[in-house]
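Below are the chains, spelled out letter by letter.
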Amino acid sequence: MSNTHSLQVISSAADFQLLKASWEKSSSYSIGFVPTMGALHEGHIKLVERAYSENDVVVVSIFVNPTQFNNPADLNQYPRTLENDLLLLSKVGPCVVFIPSVSTIYPQNDSFQPINLHGLDSVMEGKFRPGHFQGVVHVVHNLFKLILPNRAYFGKKDFQQLAIIRFMNDYFNFPIEIVACETIREETGLAKSSRNMRLSDAEKEDALVIIETLKFIKKMKALGFSPMEAIEKGVAFFNQGNLQIEYLELVDSDTLLPLSKNWSTHTTCCIAAYCEQVRLIDNMEV
Ligand code: PAF
């Protein structure tokens, strides 16, 4: 017997307000919110499970946000697997699935103004994907404003995105707790990502050089090398594999500023690389 729950699939802001009004009839309730772009995998499902364990109701949004893609080909190729997404969600619990249109998220009277991210968006992903984080900030801001959850769940795999969303949440004084969840990996160590759907088995094997490089950098730190030396050796290690590196950086986990001579108390190693046409990112606290 299949163990599935019925989902409430809605697409308009008005439908969401109606649902909210029905919840308000019960004395108190909390909303856990998981924003996604669909193509759900185990990493998303863990976020949804965590949201269930900490809230009365769970809302999952599925919206492939055009404003965060600086490359139109990447937007076109982004996997869209709605039927499977709904099936996966129905196995977790009776959540609300919000699938808005572009005009629902970006209405004509949208009052959002881009904010100064104080350099958080000018390093790493920001350097290679101009405008990407302003797009993320815009969509998450508009989703937060509409849903006003008590808690919102994000994966640590998108390390820089998480730092920027925390900043945006504070900047706009949203009364929302940002909950960061561990990166979910394949048994091999490959970080789960919607983009992995575009990798062949052989490419998945090649992509393991990403996690191996992160572990290698951690080892270099333990051996007493400086951040700069560790990166130099890490790049050489990475280049023995078949992927094309975009960046490999050691940054302060809070400020995201690159380190060269000294390690900070909390250091994160971040990497982005192309496995053929597929751009992959990962990170590790070292
Ligand atoms: O991490 C993602 O899937 C997206 O960047 C997010 C947070 C859903 C915004 O579109």
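Above this text is the structure in question.
Notes on the structure in this doc start here.

Parameters at a glance
- The numbering scheme is per chain: residues are counted from 1 as the chain's sequence reads.
- Two thresholds apply to this predicted model, a pLDDT of at least 70 for residue-level local features and 80 or more for giving and counting side-chain atom pairs, whereas whole-chain, interface and lining totals are computed over all residues.
- The side-chain values count all of the structure's non-hydrogen atoms but skip hydrogen atoms and water molecules.
- Within this scheme, the nonpolar core is defined by two criteria: the residues are buried Ala, Val, Leu, Ile, Met, Phe, Trp, Tyr or Cys, and they are joined through side-chain atoms within 4.5 Å.
- Relative accessibility under 20% of the residue-type maximum defines a buried residue, over 50% an exposed one, and the middle range a partly exposed one, all with a 1.4 Å probe and only protein chains included.
- Here a strand is any run of E in DSSP of at least two residues, a helix any run of H or I of at least four, and the numbering for each starts at the N terminus.
- In this analysis, two residues are considered to be in contact whenever any of their non-hydrogen atoms come within 4.5 Å of each other.
- Whenever a carboxyl oxygen of Asp or Glu lies within 4 Å of a side-chain nitrogen of Lys or Arg, that contact is scored as a salt bridge.
- Of all possible arcs, the one meant is that of the directions from the helix axis to the C-beta atoms.
- Being paired, for any two strands, means DSSP has found at least two bridges between them.
- Here, expected helix span is obtained from the residue count minus one, scaled by 1.5 Å.
- What counts as an axis is a line fitted to C-alpha atoms, over the stretch in contact for a helix, and the angles between N-to-C directions run from 0 to 180 degrees.
- We call a residue near a molecule or strand whenever a single non-hydrogen atom of that residue lies within 4 Å of it.
- We call two N or O atoms a polar contact when they sit within 3.5 Å, provided that within protein one can donate a hydrogen and the other can accept it, with sequence-adjacent residues counted only if both atoms are side-chain atoms.
- Buried and open spaces are told apart on a 1 Å grid over the protein atoms alone, a cavity being a set of points where a 1.4 Å probe fits but cannot get out and a pocket being an open set with protein on both sides within 12 Å along at least five of seven lines. Residues with an atom within 4 Å of a point are the lining residues.
- Put plainly, a molecule is in a cavity or pocket when over half of its atoms are within 2 Å of the grid points there.
- Put simply, Ala, Val, Leu, Ile, Met, Phe, Trp, Tyr, Cys and Pro go in the nonpolar bin, Asp, Glu, Lys and Arg in the charged bin, and everything else, Gly too, in the polar bin.

### Examining the nonpolar core
Phase 1 of the analysis: Formed by 45 residues in total, the largest nonpolar core has its most connected members in Val59 and Phe144.
Phase 2 of the analysis: No other element matches the nine residues that helix α7 (residues 132–147) contributes to this core.
Phase 3 of the analysis: Setting aside residues no more than four positions away along its own chain, Val59 makes contact with Phe16, Trp23, Ile31, Gly32, Phe33, Val34, Val96, Phe98 and Ile147.
Phase 4 of the analysis: Within the second largest apolar cluster, 25 residues are counted, among which are Ala230, Cys269, Ile271 and Val286.

### Overview of the pattern of salt bridges
Phase 1 of the analysis: In total, this model carries 12 salt bridges according to the counting rule given.
Phase 2 of the analysis: Of the charged contacts, one joins Glu177 and Arg151 as a salt bridge, the two residues approaching to 3.2 Å between their closest N and O atoms. Linking Glu177 in strand β6 (residues 177–181) with Arg151 in strand β5 (residues 151–155), this pair joins segments that are 26 residues apart in sequence.
Phase 3 of the analysis: With its nearest N and O atoms 2.8 Å apart, the salt bridge here joins Arg185 to Asp282. Linking Arg185 in the loop between β6 and α9 (201–206) with Asp282 in strand β9 (residues 278–285), this pair joins segments that are 97 residues apart in sequence.
Phase 4 of the analysis: Among the ionic contacts, a cluster of salt bridges with common partners joins Asp74, Glu125, Arg129, Arg195, Glu246 and Arg279.

### Points about helix α1 (residues 13–23)
Phase 1 of the analysis: Residues of α1 that are buried: Phe16, Leu19, Lys20 and Trp23. Projected down its long axis, α1 carries its buried residues within an arc of 100°, all on one side. For α1, the exposed residues set more than 90 degrees away from the buried face come down to Ala14 and Leu18.
Phase 2 of the analysis: Here the buried face of α1 lies against β1 (8–10), β2 (31–36), β3 (57–62), β4 (96–98) and α7.

### Quick look at the pairing of β9
Phase 1 of the analysis: In terms of residue burial, β9 counts as a mostly covered element, since seven of its eight residues are buried.
Phase 2 of the analysis: Examined bridge by bridge, strand β8 (residues 267–275) and β9 share eight bridges and lie antiparallel to one another. Looking across to β9, one finds that Cys275 is bridged to Val278.
Phase 3 of the analysis: The hairpin formed by β8 and β9 contains two residues between the paired strands, and Glu276 there has a positive phi angle of roughly 55°.

### Considerations on helix α8 (residues 159–171)
Phase 1 of the analysis: Taking 1.5 Å per residue as the helical rise, α8 with its 13 residues ought to reach 18 Å, and the 19 Å between its terminal C-alpha atoms agrees with that figure.
Phase 2 of the analysis: Of all the positions in α8, only Phe159, Gln160, Gln161, Leu162, Ala163, Ile164, Ile165, Met168 and Asn169 are classed as buried.
Phase 3 of the analysis: Of the residues flanking the end of α8, it is Asn173, one or two places downstream, whose phi is positive at about 55°.

### Observations concerning the sheet that holds β8
Working definition: the strands of a sheet are paired by backbone hydrogen bonds and lie parallel or antiparallel to each other.
Phase 1 of the analysis: Strands sit in the order β7-β8-β9 across an open sheet of three strands; the sheet is antiparallel. Where the open sheet ends on each side, the last strands, each with one partner, are β7 (244–252) and β9. Neighbour to neighbour, the strand axes of the sheet diverge by 15° on average, direction disregarded.

### Notes on the site of the ligand
Phase 1 of the analysis: Taken together, the neighbourhood of the ligand is formed by Pro35, Thr36, Met37, Asn65, Gln68, Val139, Phe154, Asp158 and Gln161.
Phase 2 of the analysis: Contacts to the ligand include Gln68, whose side-chain N or O atom sits 2.6 Å from an oxygen atom.
Phase 3 of the analysis: Gln161 is positioned with one of its side-chain polar atoms (N or O) 2.7 Å from an oxygen atom of the ligand.
Phase 4 of the analysis: Here the ligand occupies the largest cavity.
Phase 5 of the analysis: Looking at the shell around the ligand residue by residue, the classes come out as four nonpolar, four polar and one charged.

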